[in-house]
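Residues per chain, in single letters:
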Amino acid sequence: MGRRIAPSLTLPSRDLFTSTFHLAAMAKIKIGINGFRRIGRLVARVALQSDDVELVTVNDSFITTDYMTYVFKYDTVHGQWKHHEIKVKDSKTLLFGENEVTVFGIRNPEDIPWAKTGAEFVVESTSVFTNKDKAAAHLKVGENYCIIGCISPLDLLALMKRNLIRDPNLLTITCGFTGLEFEAQVHMLVLAYEGVLDFVFSKGGAKKVIISAPSKDAPMFVVGVNEHTYTSDINIVSNASYTTNFLAPLAKVIHDRFGIVEGSMTTVHSITGNVSFKFKIASLHI
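Our subject in this report is the structure included herewith. (Residues numbered from 1 in each chain as written. Predicted model: local features only at pLDDT ≥ 70, side-chain atom pairs only at ≥ 80, totals over all residues. Heavy atoms only, no water.)

## Looking at the packing of helix H2 (residues 38-48) against helix H3 (residues 65-73)
Where H2 contacts H3, the axes come no closer than 10 Å and their chain directions differ by 75°. Classified by the interaxial angle, the pair formed by H2 and H3 is roughly perpendicular. Here Arg41, Ala44, Arg45 and Leu48 of H2 come into contact with H3, specifically with Val71, Phe72 and Lys73. For the contact of H2 with H3, the per-class residue count stands at four nonpolar, no polar and three charged. (Axes fitted to C-alpha atoms, helices over the stretch in contact; angles between N-to-C directions. Helix = DSSP H or I, 4+ residues; strand = E, 2+ residues; numbered from the N terminus. Parallel < 35°, antiparallel > 145°, perpendicular 65-115°, else oblique. Contact = heavy atoms within 4.5 Å. Nonpolar A, V, L, I, M, F, W, Y, C, P; charged D, E, K, R; others polar.)

## Topic: the environment of tyrosine 230
With respect to the helices and strands, tyrosine 230 occurs in the loop between strand E13 (208-211) and strand E14 (236-238). When the C-alpha positions of tyrosine 230 and methionine 220 are compared, they lie 9.3 Å apart, and in sequence the two are 10 residues distant. For tyrosine 230, the residues in contact, after removing those within four places along its chain, are Lys208, Phe221 and Val237. Only 3.4 Å separates the side chain of tyrosine 230 from the side chain of lysine 208, close enough to count as a polar contact. Polar side-chain contacts of tyrosine 230 include one of 3.0 Å to the backbone oxygen of isoleucine 234. (Polar contact = N/O pair within 3.5 Å; in protein donor to acceptor, adjacent residues only side chain to side chain.)

## Focus: a nonpolar patch on the surface
Taken together, the side chains of Val253, Ile254, Phe258 and Ile260 define a hydrophobic patch exposed on the protein surface, amounting to about 410 Å² of accessible area. As for its placement among the helices and strands, isoleucine 260 is situated in the segment after helix H7 (242-257). (Patch = residues over 30% accessible without salt bridge, like charges linked within 9 Å, V, L, I, M, F, W, Y side chains within 5 Å. Areas by Shrake-Rupley, 256 points an atom, 1.4 Å probe, with all protein chains shown as cover. Salt bridge = Lys/Arg side-chain N within 4 Å of Asp/Glu carboxyl O.)

## Examining the pairing of strand E5 (residues 86-90)
Taken residue by residue, a regular strand's side chains alternate between the two faces of the sheet. Examined bridge by bridge, E5 and strand E6 (residues 93-96) share four bridges and lie antiparallel to one another. When the bridges of E6 are listed, valine 88 appears paired with leucine 94. (Pairing = 2+ DSSP bridges.)

## With respect to the side chain of aspartate 60
Assignment of secondary structure puts aspartate 60 in the loop between strand E4 (53-59) and H3. The exposure class assigned to aspartate 60 is buried, which follows from its relative accessible area of 4%. Within the structure, aspartate 60 has its side chain in polar contact with the side chain of arginine 37 (distance 3.2 Å). Every residue in contact with aspartate 60, bar those within four places of it in the chain, is listed here: Gly35, Phe36, Arg37, Met68, Phe104 and Gly105. (Buried < 20%, exposed > 50% of the residue type's maximum accessible area, 1.4 Å probe, protein only.)

## Focus on H3
Those residues of H3 not exposed but buried are Thr65, Met68, Thr69, Val71 and Phe72. On the buried face of H3, the contacting elements are H2, E4, E5, E6 and strand E7 (99-104).

## Notes on the nonpolar core
Ranked by size, the top nonpolar core spans 17 residues in total, and within it Phe36, Ala44, Leu55, Val58, Met68, Phe72 and Phe96 carry the most contacts. Elements supplying a minimum of two residues to this core: strand E3 (29-34), H2, E4, H3, E6 and E7. For this core, the element with the most residues is H2, which contributes three residues. With near-sequence residues (within four places) excluded, phenylalanine 36 lies in contact with Arg41, Ala44, Val58, Asn59, Asp60, Ile63, Met68 and Phe72. (Core = buried A, V, L, I, M, F, W, Y, C linked by side-chain atoms within 4.5 Å.)

Quick look at the structure:
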């Protein structure tokens, strides 16, 4: 049975919000990718084959959805994509099988509405926003709009008295009966749990950022080496460089077992968009 805290507000049973269905629906991590180039496309390939990760958004201001589709399908290193069909639904949407992925072409990270599509984690793979200050633009909250369908100012006061309005997220509250707008400190999750919210729209505001390149100041983690030192209060991390990822796990095994005093390594890397080559032609005189 529902409960009432004011004459015009009925709250549903809490059982609705603790059912297996609702918990299962929240299980997948929703990610967005900023920069659909070499690493961005590889992240997409892994995410699309994962049971616990859902790709919901891709942002790239330099390529069209048609070109995104082509370069994703045909990869000379990793082979042709064969798991399910990928096609363009429209200029703002890609279809991976039946799953829709929203596409943005926004250059400035603070303007990308990640939360609008539900993206909680952002993979920053442009190789441009690699320090904490620049990557933090993905976390910018922007404005949250909370529309409460059947709530009067009296109900709002009742919520305040019950200490449900306590979170530092600033919301604009629209009261359904009066059309009046209030700015208040509202805990969205509590209100949703209480069954009050009809609709919430948030601009911006990803929860975490993973930089796919070395960073001067963001903590760097390599799986198999130091990922166990990560703590949940860290919101911006670097996955280090490609060189570090292939070398560090091997070096760790050798160093832990035998010790390393000094070493050298050689790497062969694919051509990238920001690499310039100068060719010198040597003349051979016979």
